[in-house]
Amino acid sequence: YAVASRLRSLNGMTIEQFGSIGEVVGAIATVATLLYLAVQIRQNTRTVRSASISSYVQASGSFMTMLAANVDLCDLYYKDLESPNLLTDSERRRFYVTIGNYIMWLLQADQMTSEGTLPQGLAHQYATQLEWLVCQPGFQLWFEHWGDTLPPDFQKKITDAKNSGIAAGRFGIFSEGRKRMPWL
């Protein structure tokens, strides 16, 4: 009985009052935890977005550097995009490997865009390049042969862009007959 009496009235406070203090402390701890998690999520979002930008720029730069470093490959790439029937079987295989590299970069950009980790400006750049690519006869031939190797949602995006006719109207013809590239 003496122990129970002490618990009920420690320094003049009842067990109910201690319970109320515990609830207030618990509520404060919960709010502090939620604020901490909000800060962590924001930092994680920035980190993921920064990594996406870095990955996008690195992949884009690698592809462009590959073409710039090898004049023959660059000529082959654009020759097949514009006139796929002029290539030998060996040249076409080399083109398929090269455009496959480019498609993987576009697929990565598409996934980052879908996840919301690619900033709007870069997402627009990716979409413009995809629209340009689907207008190219060499890509269309590649897609007929290899398009089924791509994820179904990306295949649909390519097919929709190709069938919309919007992309074909956006990219005019230079005086020498080459289709305008989105980065020119």
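**Description of the confidence of the model for the protein chain**
Next up, step 1: The predicted model of the protein chain has a mean per-residue pLDDT of 80, with 83% of residues at 70 or higher.
Next up, step 2: Mean pLDDT values for the elements of the protein chain range from 53 in helix H1 (residues 2-8) up to 91 in helix H6 (residues 137-146).
Next up, step 3: Contacts for the low-pLDDT stretch residues 172-180, under 50 throughout, to residues beyond four places or in other chains number 16 contacts.

**Details of helix H3 (residues 71-82)**
Next up, step 1: Under the 1.5 Å per step criterion, the end-to-end length of H3 is 17 Å for 12 residues, consistent within 8% with the ideal 16 Å.
Next up, step 2: Among the residues of H3, those classed as buried are Leu 73, Leu 76, Tyr 77, Tyr 78, Asp 80 and Leu 81.
Next up, step 3: The elements touched by buried residues of H3 are helix H2 (15-69), helix H4 (89-115), helix H5 (120-134) and H6.
Next up, step 4: Of the residues that open H3, the one with a side-chain oxygen 3.2 Å from the backbone nitrogen of Asp 72 is Asn 70.

**Looking at H5**
Next up, step 1: Over its 15 residues, H5 runs 21 Å from end to end, which matches the ideal 21 Å to within 8%, given 1.5 Å per residue.
Next up, step 2: If you check which residues of H5 are buried, you get Leu 122, Ala 123, Tyr 126, Thr 128, Gln 129, Leu 130, Trp 132, Leu 133 and Val 134.

**Remarks on the pattern of salt bridges**
Next up, step 1: Inspection of every chain in the model, using the stated rule, returns two salt bridges.
Next up, step 2: Residue Asp 160 pairs with Lys 156 through a salt bridge whose shortest N-O separation is 2.8 Å. With Asp 160 and Lys 156 both in helix H7 (residues 152-164) and four residues apart, the pair spans about one turn of that helix.
Next up, step 3: We classify Asp 160 as partly exposed; its relative accessible area is 38%.

**Side note on the packing of aromatic side chains**
Next up, step 1: Scanning the model with the defined rule gives 10 aromatic pairs in all.
Next up, step 2: Here Phe 95 and Tyr 96 contribute two aromatic rings whose centre-to-centre distance is 6.0 Å and whose plane-to-plane angle is 50°, an arrangement assigned as tilted. Comparing Phe 95 with Tyr 96 shows no difference in burial state: the two are buried.
Next up, step 3: A centroid spacing of 5.3 Å and a plane angle of 45° characterise the contact between Tyr 102 and Trp 105, whose relative ring orientation is tilted. Linking Tyr 102 with Trp 105, this pair stays in helix H4, spanning three residues, or about one helical turn.

Here is what the cut-offs are and how they apply
Residues numbered from 1 in each chain as written. Predicted model: local features only at pLDDT ≥ 70, side-chain atom pairs only at ≥ 80, totals over all residues. Heavy atoms only, no water. pLDDT = per-residue confidence, 0-100. Helix = DSSP H or I, 4+ residues; strand = E, 2+ residues; numbered from the N terminus. Contact = heavy atoms within 4.5 Å. Expected span 1.5 Å × (residues − 1). Buried < 20%, exposed > 50% of the residue type's maximum accessible area, 1.4 Å probe, protein only. Polar contact = N/O pair within 3.5 Å; in protein donor to acceptor, adjacent residues only side chain to side chain. Salt bridge = Lys/Arg side-chain N within 4 Å of Asp/Glu carboxyl O. Phe/Tyr/Trp six-rings, centres within 6.5 Å; stacked < 30°, edge-to-face > 60°.

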